[in-house]
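Each chain is listed here by its residues.
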Amino acid sequence: MYTRTLTPALFICIAVGLTACSKKQITPTPPIKKESDAIVTTLAGNGTYGSSNGTGAAATFAYPDAICTDALGNIYVGDGGDYLIRKVTPGGTVTTVPNGEVVKGQGGLVAGIGGLTVDPSGTFYYTFELGSALFKLSPGGTSTLVAGAGLGDVDGPGDIARFSNLIGLTCDAQGNVYGCDFENFKVRKITPSGDVSTVLGTGAYVAPGIDTTGFLSLQSIALGKDGNFYVTDPDMYRVTKLLPSGRTVFMAGMSYPAGIAVDASGNVYVSDMLDHVINRISQDGTVTLIAGTKGKRGYKDGIGKEAQFALPQSLALDPTGKILYVADAGNSVIRKIVLPQ
């Protein structure tokens, strides 16, 4: 998982959208609990905009807006500000992956890295904001176009398939990639060979608060051990569970749910980007604020709500499910949260 970059234009769109939707029915939000003993620290970066490799505070990031982890616990960051794929070890050492700068030449005039995930073989898959293609980068540094041949909404082989802003990637144990087709209001599946199909969504726009089975702005997706998908839909202010049957289940409402991750027990972690906090949703729908000061943008390590974030975006869990990593885009750092057990 990835999340959308909040460009100035998007800030305007959000403001307009909130005004336009103020008279519409909004999905009710369950009460948010505030008990937390999550410990928040900075794993890498120092708040300075840049692209320097190094360990801990010696490293810099531009705008980390996509993040994922591998089976060894390494963290990979799509640095949208510099169009780089960076590797961060659990100890905080930052390097650029082999040929990770290839992203610069493929991005063109786009807003950032739209999605990043890594399959069991160590192959990266990535997309660009406002883009229409899925690329892969082998462990050796070879970049290949997997699927997408222009803007549109077409299932089929890679050289025929069409997307419209494919973002928010995740993958399964078989190496299939799933992404949020933002402008088509769909979840799409891409096989390792590049065949594209639609998992859920009709391609039709759904107005906020009207149809809880539809989507308005799919942004991030996570696959649970239970086989369910979990997605954020920020312009609908909600987090939704997608069952294998195709049924959708409302889980919780938030101000602007962005990044998402799910642990083996089914706990769902969501970054509320405009409230600058990280929430946990249990399977019964209980929402607990585990880190961040609600509504306050800042940069501060600490325990629970004493910590501060600035536009937290993508989330990723380590293999144990006990550590959550946050792409703290507004602060240009990667944050580490030791979760309450």
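Below, the structure is looked at part by part.

Conventions used here
- Residues numbered from 1 in each chain as written.
- Predicted model: local features only at pLDDT ≥ 70, side-chain atom pairs only at ≥ 80, totals over all residues.
- Heavy atoms only, no water.
- Helix = DSSP H or I, 4+ residues; strand = E, 2+ residues; numbered from the N terminus.
- Contact = heavy atoms within 4.5 Å.
- Pairing = 2+ DSSP bridges.
- Axes fitted to C-alpha atoms, helices over the stretch in contact; angles between N-to-C directions.
- Buried < 20%, exposed > 50% of the residue type's maximum accessible area, 1.4 Å probe, protein only.

Thoughts on the environment of Ala173
Locating Ala173 in the fold gives a position in the loop between strand E12 (166-171) and strand E13 (177-181). As for Ala173 and Ser121, which are separated by 52 residues in sequence, their C-alpha atoms are 9.7 Å apart.

Here we look at the environment of Ser52
Within the secondary structure, Ser52 sits in the loop between strand E2 (39-44) and strand E3 (54-55). Once the C-alpha coordinates of Ser52 and Ala62 are considered, the two residues, ten residues apart in sequence, prove to be 9.5 Å apart. When neighbours within four sequence positions are excluded, Ser52 is seen to be in contact with Ala58, Ala59, Thr60 and Arg86.

Quick notes on the sheet that holds strand E17 (residues 229-233)
Read across the open sheet, the four strands follow the order E16-E17-E18-E19; overall the sheet is antiparallel. In this open sheet, the two strands that pair with only one neighbour each are strand E16 (220-223) and strand E19 (248-253). Strand-to-strand twist in this sheet, taken as the mean axis angle between neighbours without regard to direction, amounts to 20°.

Points about unusual backbone geometry
The phi dihedral of Tyr83 falls on the positive side, at around 55°, and the residue is not glycine. Along the polypeptide, Tyr83 turns up in the loop between strand E5 (75-79) and strand E6 (84-88). In this structure, His276 is a non-glycine residue whose phi angle is positive, near 60°. On the secondary structure map, His276 appears in the loop between strand E21 (268-272) and strand E22 (277-281). Residue His276 is classed as buried on the basis of its relative accessible area of 7%.

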